[in-house]
Amino acid sequence: MDRQRPPEPRPNTLRQYFWRSMREAHRRRPISFYLMFAILAVVCLGGQVVYVRDDPKRFATFLALNFIVFGVIAARAIMDFFDIARAHFREREVLFRTTLGEEEFVRTLGNRVAEHRDTGPEA
């Protein structure tokens, strides 16, 4: 009758809690959060363009890289705009269906408006 007990789970350390919370926070952050850091890096590193004014090829390369990075950031900003607009209109439709879209609510509202018209304006 000697049964083996299952091993008890090891307690989590502070480091495990920290890394788990960092992974969860990383999943919740939008890409635009990281693009803000990219903007900062490009602005800092783009300052080197003043030192390459003697070499037109390097100047064009620096300038092209800056335009590419800012183009990607602008494209992502436009995508975020459409995502936000789509979510807004979807929520607006759900809100409409839960209020004015319900027949019972519209009927009750119509009855109250009719009662208010019958009693006349209260002055």
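Once a new chain begins, its residue numbering starts again from 1 and follows that chain's sequence as written. pLDDT decides what is reported in this predicted model: residues at 70 or higher carry local features, side-chain atom pairs at 80 or more are listed and counted, and totals for whole chains, interfaces and linings draw on all residues regardless. Derived side-chain values reflect all non-hydrogen atoms in the structure, with water molecules and hydrogen atoms excluded from consideration.

Now for the overall build of the protein chain. Labels follow the DSSP assignment, with helices taken as runs of H or I lasting at least four residues and strands as runs of E lasting at least two, numbered in each case from the N terminus. Counting its secondary structure elements, the protein chain contains 4 helices and 0 strands. The globule rule is 2.2 Å times the number of residues to the power 0.38, and the radius of gyration it is compared with is taken over C-alpha atoms. Whereas a compact globule of 123 residues would reach a radius of gyration of roughly 14 Å, the protein chain reaches 30 Å, over 25% beyond that. Seen through its C-alpha atoms, the protein chain measures out along the principal axes to roughly 85 × 80 × 25 Å. Residue burial is assigned from relative accessible area. The probe radius is 1.4 Å, only protein chains are included, and a residue is buried under 20% of its type maximum, exposed over 50%, and partly exposed in between. For the protein chain, the proportion of its 123 residues judged to be buried stands at 8%. Of the roughly 11,800 Å² that the protein chain leaves accessible, carbon and sulfur atoms contribute 63%. In this description, accessible areas are obtained by the Shrake-Rupley approach with a 1.4 Å probe, and a residue is regarded as covered only by the protein chains that are shown.

End to end, helix α3 (residues 56–98) covers 63 Å across 43 residues, agreeing with the expected 63 Å (1.5 Å per residue, within 8%). Within the span of α3, buried status applies to Asn66, Ile73 and Asp80. In this structure, the buried side of α3 is in contact with α2 (31–46). Every helix has an expected span of 1.5 Å times one less than the residues it contains. Contact criterion: two residues are considered in contact whenever any of their non-hydrogen atoms come within 4.5 Å of each other.

Moving on, we get to the confidence of the model for the protein chain. Per residue, pLDDT captures the predictor's confidence, and it can take any value from 0 to 100. The predicted model of the protein chain averages 85 in pLDDT, with 95% of residues at 70 or higher. Considering each helix and strand of the protein chain separately, the mean pLDDT is smallest for α2, with a value of 84, and largest for α3, with 89.

What counts as a ring pair is set by centres within 6.5 Å for rings of Phe, Tyr and Trp (its six-membered ring), and what kind of pair is set by the plane angle: stacked under 30 degrees, edge-to-face over 60, tilted for all other angles. In the structure shown here, the tally under the stated rule is 4 aromatic pairs. An angle of 70° between the planes, with centres 5.4 Å apart, marks the rings of phenylalanine 18 and tryptophan 19 as edge-to-face. By relative accessible area, which is 44% here, phenylalanine 18 ends up partly exposed. Grouped by ring-pair contacts, the aromatic residues Phe33, Tyr34 and Phe37 constitute a single cluster.

A few words now on the side chain of asparagine 66. Tracing the backbone through its elements, the reader meets asparagine 66 in helix α3. Accessibility expressed as a relative area gives 17% for asparagine 66, which makes it buried. Contacts of asparagine 66, omitting those with residues within four sequence positions, involve Val42 and Gly46.

On to the packing of α2 against α3, then. Think of two packed helices as two axes; the pair is described by the angle between the axes and how far apart they sit. Every angle, taken between N-to-C directions, lies between 0 and 180 degrees, and every axis is a line fitted to C-alpha atoms, over only the stretch in contact when it is a helix. At a minimum axis distance of 11 Å, the contact between α2 and α3 shows a crossing angle of 160°. In this view, α2 runs roughly antiparallel relative to α3, as classed from their interaxial angle. Relative to α3, the crossing made by α2 is left-handed. Each of Ile31, Ser32, Leu35, Ile39, Val42, Val43, Leu45 and Gly46 in α2 lies in contact with α3, whose residues at this interface are Phe62, Asn66, Val69, Phe70, Ile73, Arg76 and Asp80. Note on angle classes: values under 35 degrees are labelled roughly parallel, values over 145 roughly antiparallel, values of 65 to 115 roughly perpendicular, and the remainder oblique. Definitions for this section: a left-handed crossing has its near helix turned counterclockwise from the far helix by less than a right angle. A right-handed crossing has that turn clockwise.

Put simply, a salt bridge is a Lys or Arg side-chain nitrogen that is within 4 Å of an Asp or Glu carboxyl oxygen. Per the stated rule, a full pass over the model turns up 4 salt bridges. Between glutamate 8 and arginine 5 there is a salt bridge; the shortest N-O distance is 3.2 Å. Of the residues examined, glutamate 8 reaches a relative accessible area of 60% and is grouped as exposed. Looking at arginine 5, the relative accessible area reads 67%, which means it is exposed.

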